[in-house]
Amino acid sequence: MASEIAIIGAGYAGMACAVELAHQCVAVTVFERSHTLGGRARVVHKDGHTFDNGQHLLLGAYTELARLLRLTGVSPRLLERLPLTLHVPRQLHLRAAPLPAPLHLAVGLLRAHGLGWRERIAPLALLRYLKRARFRLPAAMSVAELLSAARQPARLRNLVWEPLCVAALNTPMHEASAQIFANVLRDSLAASAAASELLIPRIDLSELFPVPAARYLATRDGEVRTGNPITALVPESEGFRLTGDPHERIWRQVVIATAPHHAAPLLATIDVCADLAAQIAALPTEPITTVYLAFGPAVTLPAPMIGLANGPAQWAFDRARCGGPAGLIAAVLSAHAPGDSIDPSVIIAQLEHELDRILPKPEWVQVITEKRATVASRPNQTRPGNATPRRNLWLAGDYVGSDYPATLEAAVRAGVKCARGILETLETRAGVERG
Ligand SMILES: Cc1cc2nc3c(=O)[nH]c(=O)nc-3n(C[C@H](O)[C@H](O)[C@H](O)COP(=O)(O)OP(=O)(O)OC[C@H]3O[C@@H](n4cnc5c(N)ncnc54)[C@H](O)[C@@H]3O)c2cc1C
């Protein structure tokens, strides 16, 4: 007799899919090749230090992730909630006011330091432009073209929109999809003050969701098998055998919840999925580097998160203000050239310039580059859906289906949507069996 459901990959997508199924009393087994849960959002232990594989920022608009955090018993206090704030030292301070949308932004802009009158009005003009278009833009339009169409002044582009675009889409604005950027603005800035809040995890990214999700599964007959890579799928009449499954079970339904570059070779093992595998393998990706600098307690930033003008890093986070050790700074470089090797002394010089002070020599430094951090959000891009040409073989992941950029929220939404697709097939089968 075939077992029910196997999920390959214990990142945010795979664990969201598993939790949603377990919540509906469907037992699942998750296979994870690593010994750490979380995939591209995971804890790293190295040289006696604990840090994430990359500094992550969440938005109040991440509603599905928030729902699953509640379901798996994660305290909301584990996320540092900040009103939307853009602080670029000596250039800009903009903080959303504690008012309902759109007043939160309007009043925030009115009170902002470092913006001329045109620059204060322009963001509202962009939102009006998008609302008039009902947030539907030509598929070929780039973010840079959108900003020109909505007459955004150059200073605002450089100081606000370009870093926001790179942070949200991990794609430079000349290459980024205006539609996907508009979707993020629709659900954050244009939605409500709460939706545009910035959320910074106070614990590591494995502990934030994947670990509580695994505990949740364990109470519902589910299982996560770590250190267990799956290398191929073998179709059988009742489902699939997984090469690497030590029990050699036949699984009725299988979800591939890996990063796209790992999904493509797994899919390619199934004949009818060859074209889909090629489409996924061709998705362009962008790197992200995080430079951790432990300066010690003498160093703090003027805000939990600051914008850094003129590159190479775009943002710096003061980890002490979100549960981390005093003086630990995380500088983030999104969408940089893939071949770049990042020299921490360049980042320290950038911080010194921006903060206008000499910094002490860091006690330790860690540079961590994820070469294929996310797929790029380019114009005219087609993303695969959850279903595949092979019945009962599914996809979940940050690159699947949603109208969001490849983020934690996109991963979770794709996982939940995949679970709902599977639940529908289970209900249909139960209906047929009942006669
Ligand atoms: C440095 C960095 C910074 C980021 N910053 C942000 C941010 O600020 N905000 C935000 O929302 N998002 C951010 N993201 C994006 C976010 O981390 C990803 O979108 C999300 O984690 C993707 O989740 P996933 O489940 O789709 O895939 P993954 O996290 O890649 O999970 C796939 C899992 O499958 C496992 N796997 C792969 N192959 C196999 C196999 N053959 N057998 C078994 N297991 C396998 C992998 O080990 C992994 O655990 C960032 C990403 C990076 C890398």
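For the structure itself, consult the block above.
Values in this document were obtained by computation on a predicted structure and should not be read as measured data.

Draft legend 1. Here's a closer look at the site of the ligand. The environment of the ligand is formed by 37 residues, the closest being Gly 9, Gly 11, Gly 39, Gly 54 and Thr 407. Among the secondary structure elements, those contributing two or more residues to the shell around the ligand are helix H1 (12–23), strand E14 (285–294), strand E18 (364–375) and helix H13 (408–434). The residue inventory of the shell around the ligand, partitioned by class, reads 17 nonpolar, 14 polar and six charged. Inspection of the shell around the ligand shows a minimum of three residues originating in each of domain 1 (3–42 + 204–283 + 378–434) and domain 3 (285–375).

Draft legend 2. Structural detail: the packing of H1 against H13. Their axes nearest at 7 Å, the elements H1 and H13 cross at an angle of 40°. Pair H1 / H13 crosses with right-handed handedness. Contacts between H1 and H13 pair Tyr 12, Ala 13, Gly 14, Ala 16, Cys 17, Glu 20 and Leu 21 from the former with Leu 408, Ala 411, Val 412, Ala 414, Gly 415, Val 416, Cys 418, Ala 419 and Ile 422 from the latter. Among the residues forming the contact of H1 with H13, the class breakdown is 13 nonpolar, two polar and one charged.

Draft legend 3. Structural view of the packing of helix H3 (residues 103–111) against helix H4 (residues 117–132). The geometry of H3 relative to H4 is characterised by a closest axis approach of 9 Å and an angle of 165° between their N-to-C directions. With respect to H4, the element H3 is oriented roughly antiparallel. Judged by the twist between their axes, the crossing of H3 over H4 is right-handed. Contacts between H3 and H4 involve Leu 105, Ala 106, Leu 109 and Leu 110 on the former and, on the latter, Arg 120, Pro 123 and Leu 124. Looking at the contact of H3 with H4 residue by residue, the classes come out as six nonpolar, no polar and one charged.

Draft legend 4. Geometry of H1. Helix length check: H1, at 12 residues, gives a terminal C-alpha distance of 16 Å against a target of 16 Å (1.5 Å per residue), a fit within 8%. Most of H1 is tucked away, with 11 of its 12 residues classed as buried. By the burial criterion, the buried members of H1 are Tyr 12, Ala 13, Gly 14, Met 15, Ala 16, Cys 17, Ala 18, Val 19, Glu 20, Leu 21 and Ala 22. In the stretch just after H1, Cys 25 is the one whose phi turns positive, near 65°.

What counts and what doesn't
Residues numbered from 1 in each chain as written. Predicted model: local features only at pLDDT ≥ 70, side-chain atom pairs only at ≥ 80, totals over all residues. Near = placed C-beta within 6 Å. Helix = DSSP H or I, 4+ residues; strand = E, 2+ residues; numbered from the N terminus. Nonpolar A, V, L, I, M, F, W, Y, C, P; charged D, E, K, R; others polar. Domains from an automatic or database assignment. Axes fitted to C-alpha atoms, helices over the stretch in contact; angles between N-to-C directions. Left-handed = near helix turned anticlockwise from the far one by under 90°. Contact = placed C-beta atoms within 7 Å. Parallel < 35°, antiparallel > 145°, perpendicular 65-115°, else oblique. Expected span 1.5 Å × (residues − 1). Buried ≥ 20, exposed ≤ 12 C-beta atoms within 10 Å, placed from the backbone.

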